[in-house]
Amino acid sequence: MVVVDTDPGVDDALALVLLAADPGVEIVAVGSVFGNVSSAMAAENALRVLEWAELSEIPVAVGASRPLDGSQPPLAHAVHGVDGLGGCARAAPPRLPASESAAGQLVRLVRQHPMRVTVVALGPLTNLAFALTLEPQLPTLVHDVVWMGGAIGVPGNMTGHAEANAWNDPTAADLVLNAGFKLNVVPQDVTEQAWATQEWLEGITDSPGAHTLGDWLGTYIEFCSRERDERGCILHDPVAAAAATDPAIVRWEPVGLTVESAGERRGATQVQRPTRPESPGVRRRTLRVAVGAQIDAVLARIRHAVLTIAHHRRVLLPEHIRPVLD
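These notes cover the structure that comes with them. Just so you know, these numbers come straight off a predicted model, no measurement behind them.

1. As for the overall build of the protein
For step 1, the next point in the chain: Counting its regular elements, the protein contains 14 helices and twelve strands.
For step 2, the next point in the chain: The C-alpha atoms of the protein give 19 Å as radius of gyration, which agrees with the globular expectation for 326 residues (20 Å, within 12%).
For step 3, the next point in the chain: Projected onto its principal axes, the C-alpha coordinates of the protein cover approximately 65 × 45 × 40 Å.
For step 4, the next point in the chain: Counting over 326 residues, the protein shows a buried share of 55%.
For step 5, the next point in the chain: Looking at the protein alone, contacts between residues at least 24 apart form 81% of all its contacts between residues at least 6 apart.
For step 6, the next point in the chain: As displayed, the protein offers around 13600 Å² of accessible surface, 54% of which is attributable to carbon and sulfur atoms.
For step 7, the next point in the chain: If the 25 positive side-chain charges of the protein are averaged to one point and the 37 negative ones to another, these points end up 5 Å apart.

Here is the structure:
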């Protein structure tokens, strides 16, 4: 059972598609969080992606709109478009978000299904921090957490020190990383290797049924291409989604992590080596950091997911409505 905590965002959308197409994954809920867009827009985009993937029964709850310190978060309109989907979100999604909060939704589900829920967190960790205040035993109720976040041995994509998900709410990140979850961190060091070339992107978005994805990707491709001087884009979040479904696709190392919460090093993620044994009665942290990944295998999984769903849509949708949805 998987709960996705996300801020779509184009690469978040492809991560959702990857999870949606995996027959071994049961997505039971999605929570939105601020980041690439506002939490309200992120919820709408999650609903749009799930509708495209023909998973319209999955509930989506709106989550945190600001970091724990209450500051106004910057949004990544220049990266993902003003609506998070390249300016091509178009019509409102056919469903409304759930009435409960993303944190409340998560707590309810893990209480109902203790040690069965994996949280795939693709944005700031604010919702998990709020969930901890609602349920202090959350780390013993969640099976594990996979987080795409942090930059350890490379410059960050938000500042020279910090990756965006860590920078957007460093207080929440540090709290969750050290709360006792069985936690798997997939940092920017690994995800930035997932470069999708223009040829690879055309191979999925030009297929019948997938034109909508091509529209969503437009602004993101333009941004990444300027940064790298090569046509294509980085698919950060799908690497974490692939690691959640198949941990062997990633090479892990056990470490401790801390996140700087203020100053010019806000959001900096640092390796912490234990200097003494943990106190008796304290639940031992289980934290692994990805240090490598089979990127070709990740890209193959994304391609398979998109083409599988697109083919299914093309086969089932009546001919007269395909141009509208595609």
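Alright, that's what it looks like, and here's the rest.
2. Let's talk about helix H2 (residues 39-52)
For step 1, the next point in the chain: For H2, with 14 residues, the first-to-last C-alpha span of 20 Å sits near the 20 Å given by 1.5 Å per residue.
For step 2, the next point in the chain: Burial runs high along H2: ten of the 14 residues are buried.
For step 3, the next point in the chain: Among all positions in H2, only Ser39, Ala42, Ala43, Asn45, Ala46, Leu47, Arg48, Val49, Leu50 and Trp52 are buried.
For step 4, the next point in the chain: Immediately downstream of H2, the backbone of Glu54 shows phi near 60°, a positive value.

3. Remarks on the sheet that holds strand E4 (residues 118-121)
For step 1, the next point in the chain: Read from one edge of the open sheet, eight strands run E3-E2-E1-E4-E5-E6-E12-E9, paired in mixed fashion. Since the sheet does not close on itself, it has two edges, and those belong to strand E3 (60-61) and strand E9 (250-254), each with one partner.
For step 2, the next point in the chain: Relative to E3, strand E2 (residues 27-32) runs parallel, the two sharing two bridges. Each bridged residue has a counterpart across the sheet, and for Val30 the counterpart in E3 is Val60.
For step 3, the next point in the chain: On the sheet, helix H4 (residues 102-112) packs against strand E1 (2-6), E2, E3 and E4 and is oriented at approximately 155° with respect to E2.
For step 4, the next point in the chain: This element, helix H12 (residues 236-245), spans E4, strand E5 (144-148), strand E6 (182-186), E9 and strand E12 (286-293) of the sheet and lies at about 160° to E5.

4. Structural notes on the packing of aromatic side chains
For step 1, the next point in the chain: According to the stated counting rule, one finds zero aromatic pairs in the structure shown.
For step 2, the next point in the chain: The positively charged end of Arg288 is found above the aromatic ring belonging to Trp252, 4.5 Å away from the centroid.

5. Let's talk about the environment of His161
For step 1, the next point in the chain: You can see His161 is positioned in the loop between E5 and helix H7 (164-168).
For step 2, the next point in the chain: A sequence separation of 129 residues divides His161 from Ala290, and the C-alpha atoms of the two residues are 18 Å apart.
For step 3, the next point in the chain: Excluding anything up to four places from it in sequence, His161 contacts Ala151, Gly156, Glu264, Arg265, Gly267 and Ala268.
For step 4, the next point in the chain: At 3.0 Å, the side chain of His161 forms a polar contact with the side chain of Arg265.

6. Considerations on the state of the cysteines
For step 1, the next point in the chain: Overall, the coordinates contain zero disulfides when judged by the stated rule.
For step 2, the next point in the chain: Cysteine Cys88 is unpaired, with the sulfur of Cys233 as its nearest cysteine sulfur at 14 Å.
For step 3, the next point in the chain: Exposure remark for Cys233: the relative accessible area of 0% places this residue in the buried category.

7. Some remarks on the pairing of E6
For step 1, the next point in the chain: A large share of E6 lies buried, amounting to four of its five residues.
For step 2, the next point in the chain: When E5 meets E6, the two strands line up parallel, connected through four bridges. For Trp147, the partnering residue across the bridge sits in E6 and is Val185.
For step 3, the next point in the chain: Pairing between E6 and E12: four bridges, direction parallel. By the bridge assignment for E12, Lys182 is matched with Thr286.

Cut-offs used in this document
- Residues numbered from 1 in each chain as written.
- Predicted model: local features only at pLDDT ≥ 70, side-chain atom pairs only at ≥ 80, totals over all residues.
- Heavy atoms only, no water.
- Helix = DSSP H or I, 4+ residues; strand = E, 2+ residues; numbered from the N terminus.
- Rg over C-alpha atoms; globule rule 2.2 N^0.38 Å.
- Buried < 20%, exposed > 50% of the residue type's maximum accessible area, 1.4 Å probe, protein only.
- Contact = heavy atoms within 4.5 Å.
- Areas by Shrake-Rupley, 256 points an atom, 1.4 Å probe, with all protein chains shown as cover.
- Lys, Arg positive; Asp, Glu negative; His and termini not counted.
- Charge placed at Lys NZ, Arg CZ, Asp CG, Glu CD.
- Expected span 1.5 Å × (residues − 1).
- Pairing = 2+ DSSP bridges.
- Axes fitted to C-alpha atoms, helices over the stretch in contact; angles between N-to-C directions.
- Phe/Tyr/Trp six-rings, centres within 6.5 Å; stacked < 30°, edge-to-face > 60°.
- Lys NZ or Arg CZ within 6 Å of the ring centre and 35° of its normal.
- Polar contact = N/O pair within 3.5 Å; in protein donor to acceptor, adjacent residues only side chain to side chain.
- Disulfide = S-S within 2.5 Å.

Nothing here speaks to function; it is all geometry.
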